[in-house]
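Working through the structure, step by step
Take a look at the letters that make up each chain.
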Amino acid sequence: MSESEIIGKGTWIDKLAHELLEREKNLGRKLDLIRVESGLGASGVPHIGSLGDAVRAYGVKLALENFGFKSELIAYSDDLDGLRKIPEGFPDSLKEHIAKPVSLIPDPFGCHDSYGMHMSSILLDGLDKVGIKYEFRRAADTYKKGLLGDQIHTILINNQKIGEKISDLVGQDKFQKALPYFPVCANCSRLYTAESKEYIADEKKVIYNCHDVEIGSNIVKGCGHHGEADITKDLGKLAWKVEFAARWAAFDIRFEAYGKDIMDSVKVNDWVSEEVLNYPPPHHVKYEMFLDKGGKKISKSLGNVITAQKWLEFGNPKSILLLLYKRITGARELGFEDIPSLMSEYNELEDIYFGKIKVDNQAKLVKSKGLYEYVNLLNPPKKSGTHVNYRLLIELSKIFKEDRKQRVMKKLLDYGVIKNPEPEIENIIELAGNYADEFDQQEKTKIDLDESTKKALKELSEALKLEEEPEDIQNTIYQIAKSNNIEPKDFFKTLYQIILGTSRGPKIGPFILDIGRQNVAATISNYT
Ligand SMILES: [Zn+2]
Ligand SMILES: [Zn+2]
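Residues numbered from 1 in each chain as written. Chains lettered and ligands numbered in written order. Predicted model: local features only at pLDDT ≥ 70, side-chain atom pairs only at ≥ 80, totals over all residues. Heavy atoms only, no water.

1. Regarding the sheet that holds strand β9 (residues 226-230)
Two strands in a sheet stick together by hydrogen bonds in their backbones, pointing the same way (parallel) or opposite ways (antiparallel). The strand order β5-β6-β9 describes an open sheet built from 3 strands, whose pairing is antiparallel. In the strand order of this sheet, the two ends are held by β5 (194-200) and β9, each with one partner. Each neighbouring strand pair of the sheet contributes to a mean axis angle of 30 degrees, computed without reference to strand direction. (Pairing = 2+ DSSP bridges. Helix = DSSP H or I, 4+ residues; strand = E, 2+ residues; numbered from the N terminus. Axes fitted to C-alpha atoms, helices over the stretch in contact; angles between N-to-C directions.)

2. Quick notes on the nonpolar core
A general feature of soluble globular proteins is that nonpolar side chains tend to end up buried together. Counting residues in hydrophobic clusters, the biggest one holds 102 residues, and the most contacted among them are Ile-132, Trp-311, Tyr-325, Tyr-390, Leu-412 and Phe-491. Considering every element that reaches this core, the biggest residue donor is helix α2 (residues 48-66), with 10 residues. Once you skip the residues sitting within four places of it in the chain, Phe-491 turns out to touch Thr-453, Ala-456, Leu-457, Leu-460, Ile-477, Ile-480, Ala-481 and Ile-486. If you look at the next biggest cluster of nonpolar residues, it comprises 60 residues, including Ala-42, Val-184, Cys-185 and Val-266. (Core = buried A, V, L, I, M, F, W, Y, C linked by side-chain atoms within 4.5 Å. Buried < 20%, exposed > 50% of the residue type's maximum accessible area, 1.4 Å probe, protein only. Contact = heavy atoms within 4.5 Å.)

3. Quick look at the coordination of the zinc ion (ligand 2)
On the protein side, the zinc ion (ligand 2) has Cys-185 (SG), Cys-188 (SG), Cys-210 (SG) and Cys-223 (SG) as donor atoms, found 2.3 Å from it. Every donor counted, the 4 donor atoms about the zinc ion (ligand 2) form angles of 104 to 115 degrees at the centre, which fits tetrahedral coordination. Taken in chain order, the donor set of the zinc ion (ligand 2) reads C-x2-C-x21-C-x12-C. Just as Cys-185 is buried, Cys-188 falls in that class too. (Donors = N, O, S within 2.8 Å, 3.2 Å for Na, K, Ca; no water. Tetrahedral: all angles 85-135°; square planar, octahedral: opposite > 155°, others 65-115°.)

4. Here we look at the coordination of the zinc ion (ligand 1)
All of the protein donors around the zinc ion (ligand 1) are Asp-107 (OD), Cys-111 (SG), His-112 (ND1) and His-118 (ND1); their distances to the metal are 1.9 to 2.2 Å. Geometry at the zinc ion (ligand 1) is tetrahedral, judged from the 4 donor atoms that bind it and their angles of 105 to 115 degrees at the metal. Residue classification places Cys-111 among the partly exposed residues on the basis of a relative accessible area of 48%. With relative accessibility at 31%, the residue His-112 sits in the partly exposed group.

5. Some details on the environment of Gly-131
Relative to the elements of secondary structure, Gly-131 occurs in the loop between α3 (115-130) and β3 (135-138). Distance from Gly-131 to Ala-246, taken between C-alpha atoms, is 29 Å for residues 115 residues apart in sequence. Residues contacting Gly-131, with those up to four places away along its chain left out, are Tyr-58 and Leu-377.

6. Let's talk about the environment of Ser-38
As for its position among the elements, Ser-38 is in strand β1 (residues 34-40). Ser-38 has contacts with Asp-53, Ala-54, Ala-57, Leu-73, Ile-74, Ala-75, Tyr-76 and Glu-256, leaving out every residue within four places of it along the chain.

7. So, the pairing of strand β6 (residues 205-210)
Along β6, the buried face is formed by Val-206, Tyr-208 and Cys-210; none of Lys-205, Ile-207 and Asn-209, which line the opposite face, is buried. Pairing analysis gives 6 bridges linking β5 to β6, with the strands arranged antiparallel. Residue pairing in the sheet places Ser-196 in a bridge with Tyr-208 of β6. What sits between the antiparallel neighbours β5 and β6 is a turn of 4 residues, in which Lys-204 has the positive phi angle 50 degrees. Bridging between β6 and β9 involves 5 bridges; their strand directions are antiparallel. Paired with Tyr-208 across the bridge in β9 is Gly-227.

8. As for the sheet that holds β3
Strand order in the open sheet made by the 4 strands is β3-β2-β1-β11, with parallel pairing throughout. Two strands bound the open sheet, and with one partner strand each, they are β3 and β11 (253-256). Strand-to-strand twist of the sheet, defined as the mean angle between neighbouring strand axes without regard to direction, takes the value 35 degrees. Taken together, the 3 bridges between β1 and β11 define a ladder with parallel strand orientation. Opposite Val-36, over in β11, you have Phe-255 as the bridge partner. This element, α2, spans β1, β2 (71-77) and β11 of the sheet and lies at about 170 degrees to β1.

No statement about biological role is implied by the geometric values presented.
Structure representation (structure tokens):
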């Protein structure tokens, strides 16, 4: 790649922002404020993937600003969405609220104005903690204030055309019979049970009937109420198939990413936006989906959700930003066990950025530096921080459970890994300590080993297992390497890789004594 082909800071984010700008220029729209949007879930416990939507849209906003444009991120919570199932760990009493808009359901924990706001707040708090700035909007207010009034009206008078197109595009026939608008039943406050088939355009009212519907695999009882709802002021909402389009047009949104799971909705909304609302839809990108390590998509309503809050007990905010800014497409397995390598990867990027690691490939250099800048939200530090290997901290944390911070810090000073205690290192010791306490099983590092190294490892493992403490572990390791025709420095490197997942570390003999001979013997024997 030559210098002239590098766009912005050389990352996918810059490329995306550039495409967006080119498209906007072709469309001839005003560019004095470019709004990007991301959706926030309000129905289930938000996993780190939902955070990703907003974090990445914020990246695009930063890239647009870097190109000299004014931009804003709208974080939109669909809190008129109806509750479909009770998330794991939530009280069964929520059952009576199934199918009600989440903003009308009381917060089971009593700390927010509604169930929906409780869920959204978890996500907003996550965004605040990683430093993302946004303009918060919620469906409940949007509809109450009638901000989508014109769009709803236009959509409803075109409902036949839209119903046919939905059937054509995605094979869903439902909206050929019913309007793509769900009133909230005035009698039972349920959403999907109230079906409307008729729109009285002059009065801007829909006529509805509250009847039994199937949600998931359960039947939700309707109350039998027949009623009318005024689309400009009564509670109700557009179906997702047409709602994004209404919002894009009303809020003037120029960019919105989406996950594979809502691809059909986006397809229909693009058409509605363009053909019904006369508003060219925003630029899109399909982002990667996160799978839990079992290969299942991380579901918003499954327990053990990987939330930003839980992640931040073990990793710093930069590890989240790095995870989300690294790339955008594909599908990725995700678990807390990814934290140690993300923590190391950040340090490596910082070393590249400050020229401590040389990278010859110009394209890779630019991209790495760019990624580092985005992970720092385009406000990178002026100088490099002190780096301590996170896995080393995990190992030391396993030994020191009391007065951990002081004692681990002292070891780092003894080993010569750091020169002075620093608050930032103290933070990372705390994170690694939490990690050591929560997950004691370390992921086996993958290393290719030749036969003589395997044999040497076997000998070392046996020597370490002996009842009696070897006199000089450092020398024992050295001798074992020599007798197997291995360069001692290569053997040390292999040991660091096995124990710490890195090629360097504190002086190996004393370190092995510190973290326990038997432990190390057991770890090493996994590789023989
Ligand atoms: Zn709450
Ligand atoms: Zn009802």
